[in-house]
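Report on the structure
Each chain, letter by letter, is given below.
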Amino acid sequence: MRNHLVLRVIAKLLIPFILVFALYVQFHGDYGPGGGFQAGVIFAVAFILYALIYGLENARRVMPPTWLRAGTALGVLIYAGTGIATMFLGGKFLDYSRLAHDASHGQHYGIIAVEFGVGLTVASVMVTIFFVFAGRQRLTDEDPDEENGA
Amino acid sequence: MLAHLPVLQVILPLIAAPVCILLRRATLVWLFATVVCVLTFAISVVLLVQVMGGEPIRYELGNWVAPWGIVYVVDSVSALILVIVSGIAAVAMPFALRSAASEIEPDRLYLFYTMYLLCLAGLLGIAITGDAFNLFVFLEISSLSSYTLISLGRNRKALHAAFQYLVMGTIGATLYLIGIGLLYALTGTLNMADLAVRLAPLLDSRITLAAFGFIVVGLGLKLAMFPLHLWLPNAYTHSPSVVSVFLAGTATKVSLYALLRILYDVFGVRFDFEQQPMSALFAIVAVAGLVICSLVAMYQQNVKRILAFSSVAQIGYMLLGVAFATAAGLQASLLHIFNHALLKSGLFLAVGCLVLRTGSSQLANLSGIAREMPWTMAAFVVCGLSLIGVPATAGFISKWYLVSAAIEKGWWPFAALIVATSLLAVIYIWRVIEVAYFRPASDRPAGSPPATEAPLSMLVPTWIIAAANIWFGLDASAPAAITARAAKALMGAGG
Amino acid sequence: MTDLIIGLYNYWIVIILMMVGFYIVMSRQNLVKSLIGLNIFQTSVFILYITLGKVTGGTAPILEKGIKLYSNPLPHVLILTAIVVGVSTTALGLALVVRIKEAYGTIEENEINRMDNES
């Protein structure tokens, strides 16, 4: 799809907005509908769109698989780390109230940290899944749409 | 930190799993995972001691009080399961170093350990949680990681087996989810203790009945209850040896535990056995599974497959104990969960040693192997005797309790049946022993490599389990005391 | 009678989807098709949960002044978890199908079974 000028321009225009929207969903998640799962998926969509238009190789250059692997692991660790931190602050596992002097502030900080971890993992996993499937060597030639399709 | 042990039990392997991805180097990851497994086992032992010395431990996650938040509950039943699961996981780790390296591609090893720890975290989570929906999440964590673990097998059949397990397992989990959804619609709560209270006046409702059916069938699929066991033989046969050890020792038992939890703690004994014909259902399913799968096991040509069918048959014993609907029967079931975990993982450990040295678990490749691998085969014989239920082995203890429970209940034919099916076990275990001890090595297919005794890193775990089989056969006071208390707790809770 | 059919239409949709999905899983030989069936089966459960959370006349469960009646948010949260599980299952299932295709050269279950039995 590299040769379609319209697609390339539209994608370039859309991707920043998708990323910003993902961040909005991510950080608005503690007040309104949203949160890490949705934000992570939207964030990943930006990269998947990029890979669809500009090709897998370029996308891999933008987001190397090593980073994705690290992101997958780090997200879970941020989540669990928040829980451990509250334990060291004298609370129970994931007892966010301990994170600040004021319990409701603590809940805010806690949920933002945890949702960030979730978002990071979900985004990394989604992009990884796409890369792995798309990068798989085709063994058969019974897929004529391959050239002009995905 | 002692107060946080219930949550550490689950999150320790859960946190360790992503760390494995970051470490990447196979040996380093193995070392790290081993330390984590041993620590997890230590935590579970401490929890068991704490619980046996006092009241059940409750841990509210995020300090949200019971019906609203998720609670982890450690009582004598869950503590027992935690010890079994983390114990088998810890023993299998030293074994995994050589066994996994020989059966799994080197660049995938770190992912194998990641999945192993995730599976462990999931299984422990099922055992410890007091929340019906949380149980589903942990069920899926453990299932998804075990599909991956099974698909790592060398043979391409492993892929097909993993796919079949994935389809069946997902159907099972989804049916469970429907059941929980119906219960939630009826009561507005997901906490098991709270569910039991709110469900008590609603037991005649048709929605309760539907939920009950969905949950029993769903978890029945997961625990390989007889007609729903079709995924199990292939999954255990084609998975890497370590995975067979771990899953055969733990996975189905934990699902059975989940079923018992829901049956006894949520629906209550009266509903299960007086209003619903669970006694008859479990008895029929158990007997059919015992007889048919033992017979099928006799005709298999692959040792792992023999053991896999035997696993399905042995689940019959556990269900039979539950079918008696007495505290003694339940105790026998729980004892058999413990003893079967010991003996079946011991058998699979021995087979893992054989696979490492001969490259196959086909009976034909094992002719006369006992002369080259005497220690491995001796461990196989010890655990095999335990499976049959010979006195002075762990398997005897649970069968003894089971027979006494059958007699106490007045179900004489079942006592006879337990003895008769043990004879079937003699036949299929004898087939392996006969081939390994009494056939000449020249019977092996041409081109088989000469075998030598398995390395110490694999023999030691095998013999730890084999020795445990003898130890708990000679002195069963500890498991008997724990299971007696656990059975009483389960029977009392719903009464 | 109309109440039973139209008044409970969401439950009927759940039941129909559930049975359609289940039938596809059981009857199809093509592994991708059985995964699709599995997905439909799971989706029906998602709809069941979301149906349970709806409160007649209630709005979205967001804290705003002047809003008293809102839908129960808990089933939505639960089902978000189940959706994530479903996505993981589908991804893993498809990954297995890709590997099966590479190893066997086919994704028809009966052919795979035949090859399994031969070796």
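Remember, it's a predicted structure, so these values are computed and weren't measured experimentally. Throughout, a residue's number is its position along its own chain's written sequence, starting from 1. Lettering for chains starts from A, numbering for ligands starts from 1, and both go in the order in which the items are written. Owing to the predicted nature of the model, reporting of local features is limited to residues with pLDDT of at least 70; listing and counting of side-chain atom pairs is limited to 80 or more, with chain, interface and lining totals taken over all residues.

A short note on the overall build of chain B
Rules: In this description a helix means any DSSP run of H or I spanning at least four residues, a strand means any run of E spanning at least two, and both kinds are numbered starting from the N terminus. Between the two quantities, the radius of gyration covers C-alpha atoms and the globule rule is 2.2 Å times the number of residues to the power 0.38. Contact criterion: two residues are in contact if their C-beta atoms, reconstructed from the backbone, are within 7 Å.
For chain B, the helix and strand inventory stands at 20 helices and 2 strands. For chain B, whose C-alpha radius of gyration is 21 Å, the value lies close to the compact-globule estimate of 23 Å for 495 residues. Across its three principal axes, chain B shows a C-alpha extent of roughly 70 × 55 × 40 Å. Residue pairs at least 24 apart in sequence account for 80% of intrachain contacts in chain B once pairs closer than 6 positions are excluded.

A short note on the overall build of chain C
So the rule is basically this: Between the buried cut of 20 or more and the exposed cut of 12 or fewer other C-beta atoms within 10 Å of a residue's own C-beta lies the partly exposed class, and all C-beta atoms are placed from the backbone.
Helix and strand counts for chain C stand at 5 helices and 0 strands. When the helices and strands of chain C are read in sequence order from the N terminus, they spell out α-α-α-α-α. Whereas a compact globule of 119 residues would reach a radius of gyration of roughly 14 Å, chain C reaches 20 Å, over 25% beyond that. Taken over the C-alpha atoms alone, chain C extends approximately 70 × 35 × 15 Å along its principal axes. Within chain C, the proportion of its 119 residues that are buried is 25%. Across chain C, the fraction of contacts at a sequence separation of at least 24, relative to all contacts at a separation of at least 6, is 44%.

Overview of the interface of chain C and chain B
The interface of chain C with chain B comprises 25 residues on the first partner and 23 residues on the second. At the level of secondary structure, the elements contributing two or more residues to the side of chain C that touches chain B comprise α3 (31-53), α4 (74-104) and α5 (109-118) of chain C.

Quick look at the interface of chain B and chain A
The condition is simple: Under this grouping Gly is polar, as are all residues other than the nonpolar Ala, Val, Leu, Ile, Met, Phe, Trp, Tyr, Cys and Pro and the charged Asp, Glu, Lys and Arg.
Counting from both sides, the interface comprises 14 residues of chain B and, opposite them, 16 residues of chain A. Looking at the side of chain B that touches chain A, the elements with two or more residues in it are α1 (5-23) and β1 (57-60) of chain B. Among the elements that take part in the side of chain B that touches chain A, α1 of chain B stands out by supplying 8 residues, more than any other. Grouping the amino acids of the side of chain B that touches chain A by side-chain chemistry returns 10 nonpolar, 3 polar and 1 charged.

Quick notes on the packing of helix α3 (residues 76-103) of chain B against helix α10 (residues 241-267) of chain B
Relative placement of two packed helices is described by the angle separating their axes and the distance separating the axes. All names here are of chain B. Condition: The convention used is that axes are lines fitted to C-alpha atoms, helices contributing only their stretch in contact, and that angles between N-to-C directions extend from 0 to 180 degrees. Under this scheme an angle from 65 to 115 degrees is roughly perpendicular, one under 35 degrees roughly parallel, and one over 145 degrees roughly antiparallel; angles in between are oblique. The handedness criterion is simple: a crossing whose near helix is rotated anticlockwise from the far helix by less than a right angle is left-handed, and one whose near helix is rotated clockwise is right-handed.
Running from amino to carboxyl end, α3 crosses α10 at an angle of 160°, the nearest separation of the two axes being 7 Å. Between α3 and α10, the angle falls in the class roughly antiparallel. In this structure, the crossing between α3 and α10 has a hand that is left-handed. Side by side, α3 and α10 meet where I81, I84, V85, I88, A89, A92, F95, A96, S99, A100 and E103 of the first sit next to S241, V242, V245, F246, G249, T250, K253, V254 and Y257 of the second. Considering only residue class, the contact of α3 with α10 consists of 14 nonpolar, 4 polar and 2 charged.

Details of helix α2 (residues 9-27) of chain C
Threshold: Expected helix span is taken as 1.5 Å per residue step, with the number of steps being one fewer than the number of residues. Arc definition: it is the arc formed by the directions from the helix axis to the C-beta atoms.
Taking 1.5 Å per residue, 19 residues should reach 27 Å; α2 of chain C reaches 27 Å between its end C-alpha atoms and fits that length. Every buried residue belonging to α2 of chain C is among V14, M18, G21 and V25 of chain C, and all of these are buried. Looking down the long axis of α2 of chain C, one finds its buried residues gathered within 75° of arc, a one-sided arrangement. Set apart from the buried face of α2 of chain C by more than 90 degrees, the exposed residues are Y9, I16 and S27 of chain C. Check the buried side of α2 of chain C and you find it contacts α6 (157-187) of chain B together with α3 of chain C.

Considerations on the packing of helix α13 (residues 303-323) of chain B against helix α18 (residues 412-438) of chain B
Residue and element names in this part refer to chain B. Running from N to C, α13 and α18 cross one another at 170°; their axes reach a closest spacing of 11 Å. Between α13 and α18, the interaxial angle falls into the category roughly antiparallel. Judged by the twist between their axes, the crossing of α13 over α18 is left-handed. Residue-level inspection shows V303, I306, S310 and L320 of α13 in contact with α18, the latter providing F414, A425, Y428 and V432. Of the residues that constitute the contact of α13 with α18, the class distribution is 7 nonpolar, 1 polar and no charged.

What about helix α16 (residues 374-388) of chain B?
What sets the pattern is the α-helix's 3.6 residues per turn: residues three or four places apart point alike. Residue and element names in this part refer to chain B. With 15 residues, α16 extends 21 Å from end C-alpha to end C-alpha; this agrees with the ideal 21 Å at 1.5 Å per step. Of all 15 residues that make up α16, 11 are buried, and the element is covered over most of its length. Of all the positions in α16, only T376, M377, A379, F380, V382, C383, G384, L385, S386, L387 and I388 are classed as buried. Against α13, α14 (327-358), α15 (369-372), α17 (394-409), α18 and α19 (456-474) lie the buried residues of α16.

Observations concerning the environment of V32 of chain C
All names here are of chain C. With respect to the secondary-structure elements, V32 resides in helix α3. It is 9.9 Å that separates the C-alpha atoms of V32 and T90, two residues lying 58 residues apart in sequence. Discounting chain neighbours no more than four positions away, the residues touching V32 are V97 and I107.

Structural notes on the nonpolar core
The following threshold applies: What makes a nonpolar core is a set of buried Ala, Val, Leu, Ile, Met, Phe, Trp, Tyr and Cys residues, with links drawn between C-beta atoms within 7 Å.
Among the nonpolar cores identified, the biggest contains 273 residues, and A33, V85, L117 and A162 of chain B are the most heavily contacted of them. For A33 of chain B, the contacting residues outside a window of four places in its chain are A16, C20, M93, Y113, Y116 and L117 of chain B.

Points about the confidence of the model for chain C
Selection criterion: pLDDT expresses how confident the predictor is about each individual residue, on a scale running from 0 to 100.
Scored by pLDDT, chain C has a mean of 88; 99% of the residues are at 70 or more. Reported confidences for the modelled complex are a pTM of 0.93 and an ipTM of 0.94.

Side note on the pairing of strand β2 (residues 71-74) of chain B
Residues and elements named next belong to chain B. Rules: Whether two strands pair comes down to DSSP finding at least two bridges between them.
Taking every second residue as pointing to the same face, both faces of β2 are buried, with V71 and V73 on one and Y72 and V74 on the other. Bridging between β1 and β2 involves 4 bridges; their strand directions are antiparallel. Opposite E60, over in β2, you have V71 as the bridge partner.

Remarks on unusual backbone geometry
Peptide bonds are, in most cases, trans, and in most cases residues other than glycine have a negative phi. Residue L94 of chain A is not a glycine yet carries a positive backbone phi of 65°. Considering the arrangement of structural elements, one finds L94 of chain A in the loop between α4 (65-88) and α5 (103-135). For A325 of chain B, which is not a glycine, the phi torsion comes out positive at approximately 60°. For A325 of chain B, the position within the fold is in the loop between α13 and α14.

Quick look at the environment of L74 of chain C
Positionally, L74 of chain C belongs in helix α4. Taking C-alpha positions, L74 of chain C is 9.4 Å from Y49 of chain C, a pair spaced 25 residues apart along the chain.

What to know about the environment of G93 of chain C
Examined against the element boundaries, G93 of chain C turns out to sit in helix α4. The exposure class assigned to G93 of chain C is buried, which follows from the 23 C-beta atoms found within 10 Å. The sequence separation of G93 of chain C and G53 of chain C amounts to 40 residues, and the corresponding C-alpha distance is 30 Å. Here G93 of chain C is in contact with F163 and L166 of chain B together with L35 of chain C, once residues within four sequence places are set aside.

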